[in-house]
Amino acid sequence: MSDKQPKKVLVAVAWPYAQGPLHLGHIGGAYLPSDIYARFRRSVGDDVLMVSGSDVHGTPITVKADELGVTPREIVDKYHPEFLTYWEDLEIDWDLFTTTGTDTHKRVVQDFFLKLLENGYLYTETSEQFFDEEAGRFLPDRYVEGTCPHCGFGDARGDQCDNCGKTLDPVDLIDPRSKLSGTTPVLRETEHYYWKLSAFNEPMLEWLTSREGWRPHVVNFAVGMVDDGLHDRAFTRDLDWGIPIPVDDLGPGKSIYVWWEAVMGYLSAPQEWAEIQGTPDAWKDWWEDPEAEAYYFVGKDNIPFHAIYWPALLMGYGGLNLPTDVPANQYVTFGGAKASKSRGVGRPLSWYLERFEPDALRYALAQSLPESNDSDITDDEIARRVNDELVATWGNLVNRVVSMTDRYFDGTVPQPGPLTDMDEAAMKARMDTLGDVSDLIYNVKLRAGIARAMTGAQEANVYLNDLAPWTTSKTDMTRTGTTLWVALQMIAANAVALSPYLPGTSRRVLEALGSPIEGRAPRWEAPEVEAGSKLSELAPLFAKVDLEATT
RNA sequence: GGCGGCGUAGCUCAGUUGGUAAGAGCGCUCGACUCAUAAUCGAGAGGUCGGCAGUUCAAGUCUGCCCGCCGCUACCA
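Residues numbered from 1 in each chain as written. Chains lettered and ligands numbered in written order. Predicted model: local features only at pLDDT ≥ 70, side-chain atom pairs only at ≥ 80, totals over all residues. Heavy atoms only, no water.

### Notes on the packing of aromatic side chains
Right, on to step 1. All told, the structure shown has 33 aromatic pairs when counted by the stated rule.
Right, on to step 2. Pairing W260 with F305 gives two aromatic rings, centres 6.0 Å apart and planes at 40°, and the pair type is tilted. Placement of W260 in helix 7 (residues 258-263) and of F305 in helix 10 (residues 303-317) is noted, with a sequence separation of 45 residues between them. Note on accessibility: W260 and F305 belong to one class, buried. (Phe/Tyr/Trp six-rings, centres within 6.5 Å; stacked < 30°, edge-to-face > 60°. Helix = DSSP H or I, 4+ residues; strand = E, 2+ residues; numbered from the N terminus. Buried < 20%, exposed > 50% of the residue type's maximum accessible area, 1.4 Å probe, protein only.)

What follows is the structure in structure tokens.
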């Protein structure tokens with residue numbers, strides 16, 4: 001670890017729409033895993049840049065704004081600040097969490113557009129779209145409603161019929177009407193830029209099939225999609241809310257399609273970060289250095305955009321790093337059924353934060369990360385993880401060792417005597433824990449990583465039971481001191497092993513044992529708890545949770 | 001409809017290229033201990049690996065069909 005050259009690591013995380021509160025599925029699916037990974041890479045000395053931000057131009061935002069009769073900006077201004085409080089509460093440690101509404105983003109996106117145009121990947125084409133003459137706007141698919149041509153359902157949306165589930169083209173609707181004004185929309189010609197995505201079929205397939213270490217479901221899904229053939233996609237929309245195209249040959253009112261624009265945030269956010277640092281070119285270390293790595297943490301619904309479209313955009317731009325890995329997660333489901341509002345997923349994050357300590361919530365989610373399959377969780381399951389695993393195994397371990405050190409040695413780290421084989425084995429076990437957890441996190445097996453770290457805590461419990469310092473304290477204080485000294489070393493190392501997952505409580509443990517963290521993350525090595533030093537006060541790490549008492 | 005995925009102990013889940021008598025955590029039973037947040041440690045019970053049929057010397061792990069569940073299906077994110 002320590003002998004490796006520090007690497008530049010871009011930790012890129014899905015951009016949430018600033019359109020509604022986040023739920024545990026979002027946290028477990030993307031934001032927590034990225035934070036765990038980023039914290040770990042900081043610990044081993046790499047230069048991590050973790051960025052994301054609120055997508056302010058997403059269609060759901062304009063839909064919601066139209067429904068409420070407010071501007072999209074008002075929606076964004078409500079939810080973006082709310083997101084920031086989540087990050088603070090959960091200690092999601094961004095280098096920058098911005099929005100797609102910044103000048104930097106606009107500049108980068110428009111530059112990207114021009115570069116694609118220059119490289120021959122954009123062309124114009126005319127098509128017919130529904131236009132609401134009363135509202136004076138072209139209508140996105142879901143703004144058109146009418147009778148479903150398949151089942152006769154009267155309120156089918158232009159993109160899909162909610163009754164029979166079929167995918168529709170708004171032009172096929174019988175008696176179409178505008179959702180904006182209720183009037184009958186008319187077909188009107190409109191000219192747009194199209195992206196020559198079809199040109200990337202071959203290189204994309206070649207790139208995808210040569211990825212090593214990617215999760216099977218990610219590669220399979222992406223390859224399957226490319227195998228079906230990539231088709232050219234419209235690159236612009238008839239919208240005012242968005243980033244206008246930087247050329248005027250199509251007239252006004254043309255914005256870059258929000259999805260293409262949003263993923264470019266991975267490029268613009270590091271530039272904004274660099275500007276804030278006062279080193280405007282610093283972002284290039286993460287984007288242009290071939291040795292730099294880039295990890296994209298997203299949910300599985302985002303695989304096409306991060307494993308295909310964004311890499312294709314980058315290929316079209318040229319000279320920028322493609323993703324090192326897209327460790328997409330599956331879904332966190334609640335109470336068996338799919339993510340449903342009635343079973344907890346609709347609960348605001350604050351509901352959980354009122355009942356669980358941040359690290360306790362992080363623990364339960366980390367143990368349930370849907371890395372290879374959808375994973376199911378319930379409120380009781382979260383409480384069970386906290387009470388029967390986290391408190392019982394780790395919290396109690398720390399507490400019992402600190403208590404004995406207080407009782408038998410007045411809170412001073414005892415001087416160890418000669419180490420026996422059992423002592424040596426325990427000292428080695430703590431190093432193995434750090435090594436194993438490190439291997440697992442490097443491979444983005446975060447769930448296995450925290451389980452392994454907990455095994456380390458169990459090993460310390462076994463060691464204590466075998467050596468029984470509460471018994472030896474009656475006859476042999478040297479032996480007792482040695483045992484507690486070893487146990488303290490194990491705890492300190494284990495706090496480091498857990499630190500990516502449980503940053504707040506790990507910090508408390510390390511401070512109490514005399515190894516305060518310098519910087520944002522502890523060094524990934526076993527700290528030395530010095531004999532003779534005085535332990536500072538350390539209250540129990542976690543409290544047990546009783547949901548019934550607080551509900 | 002098309003594409004993809006899932007169904008492994010009571011619960012939540014692991015199980016690289018098919019190969020020793022199928023694993024973990026929690027729960028449960030019994031025992032040990034009492035420093036510790038009735039926590040800890042040990043032992044044990046518990047599974048036709050959704051069903052059926054194949055391929056193979058050998059299948060949870062490959063093929064086909066069936067049952068149940070889910071996601072995506074391109075201007076929807």
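So, next bit.
### A look at the sheet that holds strand 6 (residues 144-147)
Right, on to step 1. Overall, antiparallel pairing links the three strands, which are arranged 7-6-8 in an open sheet. Each end of this open sheet is capped by a strand with a single partner; those strands are strand 7 (156-157) and strand 8 (174-178). (Pairing = 2+ DSSP bridges.)

### So, the protein's contact with RNA strand B
Right, on to step 1. Around RNA strand B lies a shell of 46 residues, among which Y17, T59, D141, R237 and D376 are the nearest.
Right, on to step 2. Counting only atoms of RNA strand B within 4 Å of the protein, the sugar-phosphate share comes to 74%.
Right, on to step 3. One of the side-chain N or O atoms of R384 is found 2.9 Å from a sugar or linking oxygen in RNA strand B.
Right, on to step 4. Residue assignment for the surface near RNA strand B shows that the elements contributing at least two residues are helix 2 (59-68), strand 10 (233-234), strand 15 (375-377), helix 13 (379-409) and helix 15 (446-467).
Right, on to step 5. It is helix 13 that provides the largest number of residues to the surface near RNA strand B, a total of 15 residues.
Right, on to step 6. Partitioning the surface near RNA strand B into residue classes produces 16 nonpolar, 13 polar and 17 charged. (Near = heavy atom within 4 Å. Polar contact = N/O pair within 3.5 Å; in protein donor to acceptor, adjacent residues only side chain to side chain. Nonpolar A, V, L, I, M, F, W, Y, C, P; charged D, E, K, R; others polar.)

### Describing the pattern of salt bridges
Right, on to step 1. For the structure on display, the rule yields 28 salt bridges.
Right, on to step 2. A salt bridge links R41 to E293; its shortest N-O distance comes to 3.0 Å. One end of the pair, R41, is in helix 1 (residues 24-43); the other, E293, is in strand 13 (residues 293-297), and 252 residues separate them in sequence.
Right, on to step 3. Owing to a relative accessible area of 2%, R41 belongs among the buried residues under this scheme. (Salt bridge = Lys/Arg side-chain N within 4 Å of Asp/Glu carboxyl O.)

### A few points about the packing of helix 1 against helix 12 (residues 358-366)
Right, on to step 1. Relative to each other, helix 1 and helix 12 sit at 100°, their axes nearing to 10 Å. Considered as vectors, helix 1 and helix 12 are oriented roughly perpendicular to each other. Listed contacts from helix 12 to L24, I27, L32, D35, I36 and R39 of helix 1 are L361, R362, L365 and A366.
Right, on to step 2. Considered class by class, the residues forming the contact of helix 1 with helix 12 number seven nonpolar, no polar and three charged. (Axes fitted to C-alpha atoms, helices over the stretch in contact; angles between N-to-C directions. Parallel < 35°, antiparallel > 145°, perpendicular 65-115°, else oblique. Contact = heavy atoms within 4.5 Å.)

### A few points about unusual backbone geometry
What you tend to see is this: most non-glycine residues have negative phi, and most peptide bonds are trans.
Right, on to step 1. Positive phi, close to 50°, is recorded for D175, a residue that is not glycine.
Right, on to step 2. Residue position: D175 is located in strand 8.
Right, on to step 3. Look at D175 and you get exposed, because its relative accessible area is 58%.
Right, on to step 4. Despite not being glycine, D410 has its phi angle at roughly 60°, a positive value.
Right, on to step 5. With respect to the element layout, D410 can be found in the loop between helix 13 and helix 14 (421-442).

### Some points on the sheet that holds strand 2 (residues 47-54)
Right, on to step 1. Read across the sheet, four strands follow the order 3-2-1-13 without closing on themselves; strand pairing throughout is parallel. The strands lining the two open edges of the sheet, one partner per strand, are strand 3 (96-99) and strand 13. The average undirected angle you get between the axes of adjacent strands in this sheet is 20°.
Right, on to step 2. Pairing between strand 2 and strand 3: four bridges, direction parallel.

### A look at helix 6 (residues 216-227)
Structurally, the α-helix is built with 3.6 residues per turn, so residues lying three or four positions apart point the same way.
Right, on to step 1. With twelve residues, helix 6 should reach 16 Å at 1.5 Å per residue; the first-to-last C-alpha distance of 16 Å fits that figure.
Right, on to step 2. Of the residues making up helix 6, those classed as buried are V218, V219, A222, V223 and V226. For helix 6, the arc enclosing every buried residue in end-on projection is 115°, short of the 170-degree limit, so these residues lie on one face. Among the exposed residues of helix 6, those oriented more than 90 degrees off its buried face are P216, N220 and D227.
Right, on to step 3. Looking at the packing, one finds that the buried side of helix 6 touches helix 5 (201-209) and helix 10. (Expected span 1.5 Å × (residues − 1). Arc of directions from axis to C-beta.)

### A closer look at helix 13
Right, on to step 1. Residue V391 marks the point of greatest curvature in helix 13, where the axis turns by about 50°.
Right, on to step 2. One or two steps after helix 13, the chain reaches D410, where phi turns positive at roughly 60°. (Bend = angle between axes of the 7 residues up to and from the residue.)

### Considering the side chain of S268
Right, on to step 1. With respect to the helices and strands, S268 occurs in helix 8 (residues 265-277).
Right, on to step 2. Of note is the side chain of S268, whose polar atom sits 2.7 Å from the side chain of H105.
Right, on to step 3. The contact partners of S268, leaving out residues within four places of it in the chain, are T104, H105 and V108.

### Some remarks on the domain arrangement of chain A
Right, on to step 1. Along its sequence, chain A is organised into domain 1 (8-111 + 258-353), domain 2 (121-256) and domain 3 (379-550).
Right, on to step 2. Placing the centre of domain 1 and that of domain 3 at their C-alpha centroids yields a distance of 34 Å.
Right, on to step 3. Opposite the 22 residues of domain 1 that make contact, domain 3 presents 19 residues.
Right, on to step 4. Both sides of the domain 1 and domain 3 interface together cover about 1700 Å² of buried area, and 63% of this is carbon and sulfur.
Right, on to step 5. When the buried surface of domain 1 facing domain 3 is broken down by residue, I36, F40 and S43 rank first, second and third, together holding 36% of it.
Right, on to step 6. Between the two partners, domain 1 and domain 3, sit three salt bridges.
Right, on to step 7. Salt-bridge contacts for R507 lead to E91; the nearest nitrogen and oxygen are separated by 3.0 Å.
Right, on to step 8. On inspection of domain 1 and its partner domain 3, the count reaches six residue pairs in polar contact (both at pLDDT 80 or more).
Right, on to step 9. Secondary structure elements with two or more residues in the side of domain 1 that touches domain 3: helix 1, strand 13 and helix 11 (349-355). (Domains from an automatic or database assignment. Buried area = accessible area lost by both parts, 1.4 Å probe.)

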